[in-house]
Amino acid sequence: MLLHILDGQLRLPLDVCLRWARAFREWYQRPSTREARGLKLLREWLSSEQLAQYDAHGYFDVTGCHSGKRYRIRYGTATNVYELDYAGHAKLGWCFMPREYLVAGDVMLAQKIALETDECAALAVAKNFAPR
Amino acid sequence: MATLIVMNHNGDTRHNFDAEDARALLKAEKRFKELTRAGFTAATRTASGEPVVTRTFDPTAEETLFFPRLVGG
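So, a few notes on the structure that sits alongside this text. Computed from a predicted structure; not experimentally measured.

1. Re unusual backbone geometry
Positive phi, normally seen in glycine, also occurs at Thr-79 of chain A, with a value near 45°. With respect to the helices, strands and loops of the structure, Thr-79 of chain A is situated in the loop between strand E2 (70-74) and strand E3 (81-84).

Written out as structure tokens, the structure is:
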């Protein structure tokens, strides 16, 4: 009986607390405005094929303008560019990014433009690494 | 309305200008030169949407995007 009364009295504050906790979690995990702005810009500059690939897999492929090689750009700000082999597997990682701190969407867009318009210059500054 | 989009730590900053206005055009060209001199790469898009790096100010470009010099990680 006592437990039953206590249960009824505690349920309401517990519900409120849970709602607050859920709201706080959503607020805390929301993408920041600048992060969202970077991703919006990236989406505007991706080709329709790249955008579809990014939406489906979280990465997109670009073709190097000089070599014709395929590269995969994953979400991130560093060690996120991979050279692909003929079968589409990552065979070598390339690490390069803008000198100033930028959000992920901006970094990925700069990497895409660099590989599609001046691949040799991008790779000249990049450091390579073994893909994971 | 044309736009210069400059990537920065806040995402980006957009500078809109009227390409029909001679003074606004001059100001935009000055900003273009300052940014490229500071090491930014400028890119525009072709009609089919492919990015093109440009070394000179294109007053007809709807959007010109600037990103900082690339470095190895």
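2. Concerning the pairing of strand E2 (residues 11-17) of chain B
Residues and elements named next belong to chain B. The pairing of strand E1 (residues 2-8) with E2 spans seven bridges and is classified as antiparallel. The residue bridging Met-7 from the neighbouring strand is Asp-12, located in E2. Two successive antiparallel strands, E1 and E2, enclose a turn made up of two residues.

3. Describing the packing of helix H2 (residues 33-45) of chain A against helix H4 (residues 104-117) of chain A
All names here are of chain A. Packing of H2 against H4 leaves a shortest axis separation of 6 Å and a crossing angle of 30°. Taken together, the axis directions place H2 and H4 in an arrangement best described as roughly parallel. For the pair H2 and H4, contact is made by Glu-35, Gly-38, Leu-39, Leu-41, Leu-42 and Trp-45 and by Ala-104, Gly-105, Asp-106, Met-108 and Leu-109, respectively. For the contact of H2 with H4, the residue count by class is seven nonpolar, two polar and two charged.

4. Comments concerning the sheet that holds E2 of chain B
Reading across the sheet, the five strands line up as E2-E1-E5-E3-E4 (chain B) and stay open at both edges, with mixed pairing between neighbours. The open sheet has two edge strands, E2 and strand E4 (51-53) of chain B, and neither has a second partner. Across the sheet, the mean angle from the axis of one strand to that of its neighbour is 25°, orientation sign disregarded. Inspection of the sheet shows strand E3 (residues 41-45) of chain B paired to E4 of chain B by three bridges, in the antiparallel sense. Paired with Thr-44 of chain B across the bridge in E4 of chain B is Val-52 of chain B. Its contacts with the sheet place H4 of chain A against E1, E2, E3, E4 and strand E5 (63-67) of chain B, and it is angled at close to 75° to E4 of chain B. Contacts from helix H1 (residues 22-37) of chain B reach E1, E2, E3 and E5 of chain B within the one sheet, and its direction differs from that of E2 of chain B by about 150°.

5. Looking at the interface of chain A and chain B
At the junction of the two partners, chain A supplies 28 residues and chain B supplies 18 residues. Breaking the side of chain A that touches chain B down by element, the ones donating at least two residues are H2, strand E4 (90-98), H4 and helix H5 (119-125) of chain A. Per-element accounting of the side of chain A that touches chain B gives the leading share, six residues, to H4 of chain A.

6. Digging into the nonpolar core
Of all hydrophobic cores here, the largest spans 39 residues; its most connected members are Leu-42, Leu-109, Ala-110 and Ala-122 of chain A together with Phe-66 of chain B. With seven residues, H4 of chain A is the largest single contributor of residues to this core. Once residues lying within four places of it in the same chain are set aside, the contact partners of Phe-66 of chain B are Leu-4, Ile-5, Val-6, Met-7, Leu-35, Phe-40, Thr-41 and Ala-42 of chain B.

Definitions and limits used
- Residues numbered from 1 in each chain as written.
- Chains lettered and ligands numbered in written order.
- Predicted model: local features only at pLDDT ≥ 70, side-chain atom pairs only at ≥ 80, totals over all residues.
- Helix = DSSP H or I, 4+ residues; strand = E, 2+ residues; numbered from the N terminus.
- Pairing = 2+ DSSP bridges.
- Axes fitted to C-alpha atoms, helices over the stretch in contact; angles between N-to-C directions.
- Parallel < 35°, antiparallel > 145°, perpendicular 65-115°, else oblique.
- Contact = placed C-beta atoms within 7 Å.
- Nonpolar A, V, L, I, M, F, W, Y, C, P; charged D, E, K, R; others polar.
- Core = buried A, V, L, I, M, F, W, Y, C linked by C-beta atoms within 7 Å.
- Buried ≥ 20, exposed ≤ 12 C-beta atoms within 10 Å, placed from the backbone.

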